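# Structural overview
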Amino acid sequence: MADFLLELRCEEVPARMQAGARADLERLFRAELSAAGVTPGAITVWSTPRRLALIARDFPTQTQAVSEETKGPPLGASDQALEGFLRKVGLTKDQLQVRDLKGKGTYFAVVEKPGRAVNEVLAEAIPAIIRAFPWPKSMRWGAASLSTESLRWVRPLSSIIAILGEDLIECEIERIHSGYATMGHRFHHPGEITIGSAHDYADKLRACHVLVDHEERQDLIRERARAAASAAGLTLVEDEGLVIENAGLTEWPVPLLGRFDEAFLDVPPEVIQLTARVNQKYFVCEDAAGKLANAFVCTANIEAVDGGEAIVAGNRKVLAARLSDARFFWEQDLKTPLAQQAKKLERITFHEKLGTVADKVERVAKLAEWLASEGIVPNCDPALARQAAELCKADLVTEMVGEFPELQGLMGGYYARAEGLDPQVADAIRDHYKPVGQGDDVPTAPVTVAVSLADKLDTIGVFFAIDEKPTGSKDPFALRRSALGAISLILQNGLRFNFPFAFIIPLIDVGLAIAAADVKASYGGALKGLGSLSTTLDKFESAIESIRVEIEPALRLRADDVKANAIKQVSQISEFFADRLKVQQRDAGVRYDIIDSVEDNDLVRLLARVHALQAFIASPDGANLLAGYKRAANILKKEQFEPGAANPSPEPAEKALIDALALAGPKAGSAVGAEDFAGAMAALASLRGPIDAFFESVTVNDADPAKRAARLELLDAFRRAVHNVADFSKIEG
Amino acid sequence: MANTAAPLSFQDMILTLHSFWSARGCLILQPYDMRMGAGTFHPATTLRALGPEPWNAAYVQPSRRPTDGRYGENPNRLQHYYQYQVILKPNPPNLQELYLESLVAIGIDPLAHDIRFVEDDWESPTLGAWGLGWEVWCDGMEVTQLTYFQQVGGYDCKPVAGELTYGLERLAMYLQRKDRYHDLAFNSPDSPLGAASYGDVFLANEQQMSKYNFEIADTDALFAGFKAAEAECMRCLDADIPLAAYDQAIEASHLFNLLQARGVISVQERASYIGRVRDLAKGSCEKWIAVNSDRWAAEYDGWSA
């Protein structure tokens, strides 16, 4: 047993790739070795920007002997078959064994592979691992790259250490021979260093200013960055992504705190934080009141001769230039009102078939206004909803969002507030992309809800209109996410409406716009001088009138198509939403089959029914009733029955069921109507006893056809009564 | 190399880099005499990066980015600035170390300043070129781009060339501890004929050229010029003179940049113009390979594009 060390040293590996590279190295190493019959024990993998290291402890020096058995043809098989087999296993006939297999003599080839020295295995495995390394992006380099067959790697590979115990594993790839030598820190220790074994590797590197264990560097950055902030009387804004990135950029991390000009704090704090993080990989700090402070923490890769003074000064200058740019964008953007910015959206294509972003904005505005004026979003001023929707995408053309796309919405909110627009409008612009994922805050402010919901309904509707629906793993326009967002908005805010109907607006709008564009293209001549054909229905009608003679038939046809298509899409969208609802409710423990059993185009009511029903089904009454229902449904499925038949002389249990149904049926129906779902369930529960007793003592399949028909009819009546509440046939169990 | 107390002036920094790279075997070329957006456009990089022959050259290239103009008012942004470009084909194994030595030569102490290689892959859609490498940070400031060229003009680089692009004004601002490019010492303060700042030399340029780029340039003439360059490039390609064709690609690229600065190219048109410039550049590269490939294949056994 010995410990094995592998170091692959190369020019700076991108920080973002190091975690993946560590996992890949371990995986490839295990795979290569287990193929050779070696099972490595504990493996440690480390990375710095300049090296990947793997240490395998307690490594066997000899592989296990393996006996490989291959079954061959039966005795008496054709010579051809036998020869083929001998070729395959590389043996001669007299080396084969004959064994009895299900009473038949069969050839077997048994090849004993003796154990090999592990150093041979490793010498083959290392080049294979290097060649198989799945870097996200790789390159060729140097003189060898005269051929495109030369090794590809993330950056030029510089050296290989491979030591088993204290012995060198000799291997070579692309003229790099394995050895004992590596390099220390680029600047603190520029010369070569010699490693003796896995045991002294980390310590020797540490002595040469390299902390090879990435977790140690991460811990150090976390602690010292915190300490630097608190020494300045501030609190570090924790950022685990930055910790990992900085650890991936340094071999000897030294966090240093610097200050920037307080005047930059006029710029929104999110912008400062983003600039510092994305462009410079700096942490930011907060003061005691939790406000962003004029301080940053950068992570240097050296123990500077002057204690870091020059480094901090340099970084401060760079950040100042970045913040000047950000302030320039901020001030520039403030000069142009959002309404004016929104006009520029006419030049941005939303989708080739769906027109510009300005077209989308107009549809969203119309829908948001409708949601408000119909009272679907309660207490929402329709004019504010329209205004907020009209401006919600305007920040996409601002300088700041051009620079930092992730600030979309947020910047619009700032600019709206700075312009003095109604705070409800500013908030709606800021938050209308929400909720972005499960767990994100769901807006509750009415204007925000209207705009956010309209935006999502529009996106879903128009992509369905042009048949760009999500399929399988493909959802290029993130319609599933939009649907989840819309469902959260509707449920969280208790928005009561026939939601599939809301899609009619964008579907018709887009359908007519596309139809108008098509007709305009086909009848360009006839339309000359008329100006553009409007997409709103009333103007559309008058336009039809004025050019009736020329193109009325074509337009009528298209308008009918649009209507028919819209209706078709609405039903597809309903199904799509039902699926999304199941996904969304899964975590809350709501059963998908119960969602399937309830049909309701009001999502809030649907979910209330589902909740009541799921609770009911879980109760003994519910479970028994479901069993009774299934039994009734099975019988009905098998038998023919005449609707309307009645038994003039029912047995007592039969009579009891008839009476119970006469009460419970209407009661369940009216309770559902009154949204008293507990009441509806209670009404159903009252049927449990009678249906159980009915099955207990009454024979449905009576010899008398009239009785049989009447009893089948009775079961159907029972089924109809249950269907007042839900389609129990969809419920499992 | 000595880390002298007084930082190098702008011109001494260039002279130091020239002698540094000259001593390491580079041809010291002069700037290309055409308007271009970056040192990479110089045919000594674009065309010479193709083919098997070793090629080692260094030069300063004035670079014009019309949209970056700020009328001389922004302390960091210029529409005309200088890049120091080094191209080494094939890249030597110690490319990074050579580069770091050059920083020491111009006065950067790597134990006082934090120098880092941060992932930055380079791509030029107009040249059909890409490579992997880093931006080099000095105390958080990007001072150089280091790239291993993988493809140029859509062709694999065989072998790969290493390219260094130093941002001279940034490096000088850094070395001289100046916050505005205007204040850079262009020559030595004790120059016998008087000291000049970068602003003395270039401020008027920035002011006038920003005005020209954003307000004055005749867009009809630019559109016509673009078309003419495109046509001329094609004629040169037909005549098997890729170097002349490539000049026209450079011209078209700059005219496109000017049209962008004038704000007359829409988002949709932009992609199509970039595609047209790329076709010219790729066509020139293709022809460059075509006229040389027989010789290359003869001199470098088995070489093929």
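Residues numbered from 1 in each chain as written. Chains lettered and ligands numbered in written order. Predicted model: local features only at pLDDT ≥ 70, side-chain atom pairs only at ≥ 80, totals over all residues. Heavy atoms only, no water.

## Some points on empty space enclosed by the protein
Here the idea is plain: a probe the size of a water molecule rolls over the atoms and shows the empty space left. Residues and elements named next belong to chain A. Throughout the structure, instances matching the rule amount to four cavities of 30 Å³ or more. Its boundaries defined by the atoms lining it, the largest cavity holds a volume of some 80 Å³. In terms of residue class, the lining of the largest cavity is made up of four nonpolar, five polar and four charged. By volume, the second largest cavity is sized at about 60 Å³. Together, Ala 15, Gln 18, Ala 19, Arg 22, Ser 47, His 214, Arg 217, Gln 218, Ile 244, Ala 247 and Gly 248 line the second largest cavity. Those elements that provide at least two residues to the lining of the second largest cavity are helix H1 (18-35), helix H5 (214-231) and helix H6 (240-247). Each residue belonging to the lining of the second largest cavity can be placed in one class, and the counts come to four nonpolar, five polar and two charged. Looking at which domains feed residues into the lining of the second largest cavity, each of domain 1 (2-63 + 117-207) and domain 3 (214-334) gives three or more. (1 Å grid on protein atoms, 1.4 Å probe; cavity = no way out; pocket = protein on both sides within 12 Å on 5 of 7 lines; lining within 4 Å. Points joined across faces, edges and corners; volume = space filled by probe spheres on them. Nonpolar A, V, L, I, M, F, W, Y, C, P; charged D, E, K, R; others polar. Helix = DSSP H or I, 4+ residues; strand = E, 2+ residues; numbered from the N terminus. Domains from an automatic or database assignment.)

## Description of the interface of chain B and chain A
The interface of chain B with chain A comprises 47 residues on the first partner and 46 residues on the second. Together, the buried faces of chain B and chain A total about 3600 Å²; carbon and sulfur atoms form 54% of this surface. Broken down residue by residue, the surface that chain B buries against chain A is led by Leu 111, Arg 116 and Glu 119 of chain B, which jointly contribute 16%. Taken together, chain B and chain A are joined by six salt bridges. The closest approach of N and O atoms between Arg 16 of chain A and Glu 119 of chain B, which form a salt bridge, is 2.6 Å. Connecting chain B to chain A are 21 residue pairs in polar contact (both at pLDDT 80 or more). Across the side of chain B that touches chain A, the residue classes tally to 24 nonpolar, nine polar and 14 charged. (Contact = heavy atoms within 4.5 Å. Buried area = accessible area lost by both parts, 1.4 Å probe. Salt bridge = Lys/Arg side-chain N within 4 Å of Asp/Glu carboxyl O. Polar contact = N/O pair within 3.5 Å; in protein donor to acceptor, adjacent residues only side chain to side chain.)

## Thoughts on the packing of helix H10 (residues 357-373) of chain A against helix H11 (residues 382-391) of chain A
Residue and element names in this part refer to chain A. Two elements in contact, H10 and H11, have axes separated by 8 Å at closest approach and are oriented at 160°. One way to sum up the angle between H10 and H11 is to call them roughly antiparallel. Of the two elements, H10 crosses H11, and the hand of that crossing is right-handed. Two secondary-structure elements touch here, H10 through Val 361, Glu 362, Val 364, Ala 365, Lys 366, Ala 368, Glu 369, Ala 372 and Ser 373 and H11 through Pro 382, Ala 385, Arg 386, Ala 389 and Glu 390. Of the residues contributing to the contact of H10 with H11, the split by class is eight nonpolar, one polar and five charged. (Axes fitted to C-alpha atoms, helices over the stretch in contact; angles between N-to-C directions. Parallel < 35°, antiparallel > 145°, perpendicular 65-115°, else oblique. Left-handed = near helix turned anticlockwise from the far one by under 90°.)

## Overview of helix H7 (residues 269-280) of chain A
The first and last C-alpha atoms of H7 of chain A sit 16 Å apart over twelve residues, in line with the 16 Å expected at 1.5 Å per residue. Taken together, the buried residues of H7 of chain A touch strand E15 (283-286), strand E16 (292-300), helix H8 (309-334), helix H12 (399-403) and helix H13 (410-418) of chain A together with strand E6 (129-138) of chain B. Downstream of H7 of chain A by a residue or two, Lys 281 of chain A has a phi angle that is positive, lying close to 60°. (Expected span 1.5 Å × (residues − 1).)

## Regarding the environment of Val 436 of chain A
Residue and element names in this part refer to chain A. With respect to the element layout, Val 436 can be found in the loop between helix H14 (423-431) and helix H15 (446-465). Taking the relative accessible area as the measure of exposure, Val 436 reaches 40% and is therefore partly exposed. Considering only alpha carbons, one finds Val 436 and Ser 482, 46 residues apart in sequence, at a separation of 8.1 Å. (Buried < 20%, exposed > 50% of the residue type's maximum accessible area, 1.4 Å probe, protein only.)

## Notes on helix H16 (residues 479-492) of chain A
Residues and elements named next belong to chain A. In this model, H16 (14 residues) spans 20 Å end to end at C-alpha, consistent with the 20 Å of a helix rising 1.5 Å per residue. In terms of burial, H16 is largely enclosed, as eleven of its 14 residues are buried. Burial in H16 covers these residues: Leu 479, Ser 482, Ala 483, Leu 484, Gly 485, Ala 486, Ile 487, Ser 488, Leu 489, Ile 490 and Leu 491.

## Structural notes on the sheet that holds strand E4 (residues 66-74) of chain A
All names here are of chain A. In space, the three strands of this open sheet follow the order E4-E6-E5, with antiparallel pairing throughout. Each of the sheet's edge strands pairs with one partner strand only, and the pair in question is E4 and strand E5 (97-101). Along the sheet, successive strands turn relative to each other by an average axial angle of 40°, direction set aside. Judged from the five bridges that link them, E5 and strand E6 (residues 104-113) form a sheet pairing that is antiparallel. Its bridge partner being in E6, Asp 100 is matched across the sheet by Gly 105. Set on the sheet, helix H2 (residues 79-89) makes contact with E4 and E6; between it and E4 the angle comes to about 165°. (Pairing = 2+ DSSP bridges.)

## Re the nonpolar core
Burial of nonpolar side chains together is a common tendency in soluble globular proteins. Formed by 244 residues in total, the largest nonpolar core has its most connected members in Phe 4, Phe 577 and Phe 728 of chain A together with Trp 21 of chain B. At twelve residues, the largest contribution of residues to this core is made by H15 of chain A. With residues up to four places along the chain from it excluded, the contact list for Phe 728 of chain A reads Leu 613, Phe 616, Ile 617, Leu 625, Leu 626, Tyr 629, Lys 630, Leu 684, Val 722 and His 723 of chain A. By size, the runner-up hydrophobic cluster in this structure holds 46 residues, among which are Ala 38, Ala 161, Trp 288 and Trp 296 of chain B. (Core = buried A, V, L, I, M, F, W, Y, C linked by side-chain atoms within 4.5 Å.)

## Some remarks on the packing of aromatic side chains
Residue and element names in this part refer to chain B. Inspection of the entire model under this criterion finds 40 aromatic pairs over all chains. Between Phe 223 and Tyr 273, the aromatic rings sit 6.3 Å apart at their centres with planes inclined by 45°, giving tilted as the arrangement. On the criterion of sequence distance, the pair formed by Phe 223 in helix H6 (residues 219-238) and Tyr 273 in helix H8 (residues 267-299) is long-range, its members being 50 residues apart. Summarising the aromatic geometry, the rings of Trp 288 and Trp 296 are spaced 6.4 Å apart at their centres and angled 65° between planes, so their arrangement reads as edge-to-face. The exposure class assigned to Trp 296 is buried, which follows from its relative accessible area of 1%. Counting every residue linked through ring pairs, the aromatic cluster contains Phe 10, Tyr 82, Tyr 181, Phe 186, Tyr 198 and Phe 202. (Phe/Tyr/Trp six-rings, centres within 6.5 Å; stacked < 30°, edge-to-face > 60°.)

## Description of the side chain of Arg 186 of chain A
Secondary-structure assignment places Arg 186 of chain A in the loop between strand E11 (181-183) and strand E12 (192-194). On the accessibility criterion, Arg 186 of chain A (11% relative accessible area) is buried. A polar side-chain atom of Arg 186 of chain A sits 2.9 Å from a polar atom in the side chain of Glu 12 of chain A. A distance of 2.7 Å separates a polar atom in the side chain of Arg 186 of chain A from a polar atom in the side chain of Gln 96 of chain B. In contact with Arg 186 of chain A, not counting residues within four places along its chain, are Glu 12 and Arg 50 of chain A together with Gln 96, Glu 97, Leu 100 and Phe 117 of chain B.

## Comments concerning the environment of Ile 193 of chain A
Residues and elements named next belong to chain A. For Ile 193, the location among the structural elements is in strand E12. Spatially, the C-alpha atoms of Ile 193 and Gly 103 are 67 Å apart, while their sequence positions differ by 90 residues. Those residues in contact with Ile 193, other than ones at most four positions away along the chain, are Tyr 180, Ala 181, Thr 182, Met 183, Gly 184, Lys 204, Leu 205 and Cys 208.

## A word on the domain arrangement of chain A
Assigned domains within chain A: domain 1 (2-63 + 117-207), domain 2 (66-113), domain 3 (214-334) and domain 4 (595-730). Taking only C-alpha atoms into account, the centre of domain 2 of chain A sits 71 Å from that of domain 3 of chain A.

## A word on the sheet that holds E16 of chain A
Residues and elements named next belong to chain A. With antiparallel pairing, four strands are arranged side by side in an open sheet as E13-E15-E16-E14. Only two strands of the sheet have a single neighbouring strand rather than two, namely strand E13 (235-236) and strand E14 (254-259). The sheet contact formed by E15 and E16 spans three bridges and is antiparallel. Paired with Phe 283 across the bridge in E16 is Val 297. Along the sheet, H5 makes contact with E13, E14, E15 and E16, crossing E14 at roughly 30°.

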